[in-house]
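Chain by chain, the residues:
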Amino acid sequence: MKLEGKGVSVSIRDRELVSRASLHVSGGELVGLIGPNGAGKSTLMRALLGISEKSAGDVLLDGSDFLRMPGRDRARAVAFLPQERRVEWRLPAYDIVMLGRYPHQAGFGGPSPEDRAAVDRSLEAVDGHELSDRPVAVLSGGERTRILLARALAVEAPLLLVDEPIAALDPYHQLHVMEILRDRVHAGAGVLAVIHDLALAERFMDRLILMNAGQIVADGSPAAVLTPDRLAAVYRIAGS
Ligand code: ADP
Ligand code: MG
């Protein structure tokens, strides 16, 4: 499956946060969306999902208008981990992960054995079984991130958009989550991940999309994108 944004722009109160961004992510590739704070990465990701306040341009899923598809079909096709990790519900972590199965559930039947199996697989993937009974609101930031990632994984969608999936994680879990994303890609999924760690991006990503000031300024292999000139110009750091 392929998700494609064509000339996507987002404006809020006369300020253009994303300007004519065109990008795609396909099954079998792990794509990093990088760029400094405020570049527009989260806003672009939300626009691709159709949940930004106001946007222009086209979003296509295998060539069809994604934003006009029924919500349930969209939710089954593209899973999302938002950057915002605050959870107000006083639900155990297990129930939060089960929310990822919502687009698969019909009527009032409750979770099927397949739903429970998907939740178990996702908890397993994030090393989160021991967290599953705890209220999600009392988890540490890193633990909550892993549970919310499990919720996105539980959708078992062909495409996965994850916004800063390794922020707030310890080094072990950072690597572990990168490996989970790689595994999903090996299984055929397409993953677009916002990431700040350029070393991990270079090591794990098939392709990088670099944003700066609302625009996509580079899209290609990590080596082609992370040139010393661009690091200096966009990140204001000296390249190595
Ligand atoms: P990134 O994820 O790359 O750090 P964001 O997409 O979150 O950046 O934000 C891009 C810019 O848009 C930032 O300057 C941010 O302050 C601004 N912004 C984001 N959401 C809103 C909003 N709802 N209203 C006004 N400005 C916003
Ligand atoms: Mg962001």
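Here is what the cut-offs are and how they apply
- Residues numbered from 1 in each chain as written.
- Chains lettered and ligands numbered in written order.
- Predicted model: local features only at pLDDT ≥ 70, side-chain atom pairs only at ≥ 80, totals over all residues.
- Heavy atoms only, no water.
- Axes fitted to C-alpha atoms, helices over the stretch in contact; angles between N-to-C directions.
- Helix = DSSP H or I, 4+ residues; strand = E, 2+ residues; numbered from the N terminus.
- Parallel < 35°, antiparallel > 145°, perpendicular 65-115°, else oblique.
- Left-handed = near helix turned anticlockwise from the far one by under 90°.
- Contact = heavy atoms within 4.5 Å.
- Nonpolar A, V, L, I, M, F, W, Y, C, P; charged D, E, K, R; others polar.
- Patch = residues over 30% accessible without salt bridge, like charges linked within 9 Å, V, L, I, M, F, W, Y side chains within 5 Å.
- Areas by Shrake-Rupley, 256 points an atom, 1.4 Å probe, with all protein chains shown as cover.
- Salt bridge = Lys/Arg side-chain N within 4 Å of Asp/Glu carboxyl O.
- Lys, Arg positive; Asp, Glu negative; His and termini not counted.
- Charge placed at Lys NZ, Arg CZ, Asp CG, Glu CD.
- Pairing = 2+ DSSP bridges.
- Near = heavy atom within 4 Å.
- Polar contact = N/O pair within 3.5 Å; in protein donor to acceptor, adjacent residues only side chain to side chain.

S.K.: For this particular structure, what's the right way to read the packing of helix α4 (residues 113–125) against helix α5 (residues 141–154)?
M.R.: Between two packed helices, the angle of one axis relative to the other and the distance separating the axes together describe the packing. Between α4 and α5, the least distance of the axes is 8 Å, while the angle of their chain directions is 140°. When the axis of α4 is compared with that of α5, the two are oblique. Relative to α5, α4 is oriented so that their crossing is right-handed. From α4, Ala118, Ser122, Leu123 and Ala125 reach across to α5, where they touch Ile147, Ala150, Leu153 and Ala154. Considered class by class, the residues forming the contact of α4 with α5 number seven nonpolar, one polar and no charged.

S.K.: I keep staring at a negative patch on the surface and nothing clicks. Help me out?
M.R.: There is a patch of like negative charges on the surface, built from Asp120, Glu124, Asp127 and Glu130. Checked against the element boundaries, Asp127 lands in the loop between α4 and α5.

S.K.: Is there a simple way to explain the sheet that holds strand β4 (residues 55–61) in this structure?
M.R.: Note: strands within a sheet are paired through backbone hydrogen bonds, in either parallel or antiparallel orientation. Taken together, the four strands give an open sheet; going across it, the order is β2-β1-β4-β5, and neighbouring strands pair in antiparallel fashion. Pairing within the sheet leaves two strands with one partner each, and these edge strands are β2 (15–26) and β5 (64–65). Both strand β1 (residues 2–12) and β4 contribute to a ladder of six bridges, which runs antiparallel. Within β4, the residue paired with Gly5 across the bridge is Val59. The strands touched by helix α1 (residues 41–49) are β1, β2 and β4; relative to β1, the strand with the most contacts, the crossing angle is about 120°.

S.K.: What is the right way to read the site of ligand 1 from this model?
M.R.: In the vicinity of ligand 1 there are 13 residues, among which Gly38, Gly40, Lys41, Ser42 and Thr43 approach most closely. One of the backbone nitrogen or oxygen atoms of Gly38 is found 2.8 Å away from an oxygen atom of ligand 1. The separation between an oxygen atom of ligand 1 and a polar side-chain atom of Thr43 is 2.5 Å. Protein burial of ligand 1: of its 560 Å² of free accessible surface, 65% is covered by the chains. Mapped by element, the contributors of at least two residues to the shell around ligand 1 are β2 and α1. It is α1 that provides the largest number of residues to the shell around ligand 1, a total of three residues. Here the residues of the shell around ligand 1 are counted per class, giving four nonpolar, five polar and four charged.

S.K.: Got a minute to help me understand the pairing of strand β10 (residues 215–220) in this structure?
M.R.: Residues in a regular strand point their side chains to alternate faces of the sheet. Looking at chain direction, strand β9 (residues 207–212) and β10 are connected through five bridges and run antiparallel. Residue pairing across strands places Asn212 opposite Gln215, the latter belonging to β10. Counted along the chain from β9 to the antiparallel partner β10, the turn is two residues long, and its residue Ala213 has a positive phi close to 50°.

S.K.: It is not clear to me how the sheet that holds strand β6 (residues 78–81) should be interpreted in this structure. Could you clarify?
M.R.: Sheet architecture is open: six strands sit in the order β6-β7-β8-β3-β9-β10, paired in mixed fashion. Both outer strands of the open sheet, β6 and β10, are each paired with one neighbouring strand and no more. Each neighbouring strand pair of the sheet contributes to a mean axis angle of 15°, computed without reference to strand direction. Of the pairings in the sheet, the one linking strand β7 (residues 159–163) to strand β8 (residues 190–194) comprises five bridges and is parallel in character. Pairing of Leu160 across the sheet is with Val191, part of β8. Strand contacts of α5: β6 and β7, with the helix running at about 175° to β6, the strand carrying the most contacts. Across the face of the sheet, helix α6 (residues 171–186) comes into contact with β3 (30–34), β7 and β8 while running at roughly 155° to β8.

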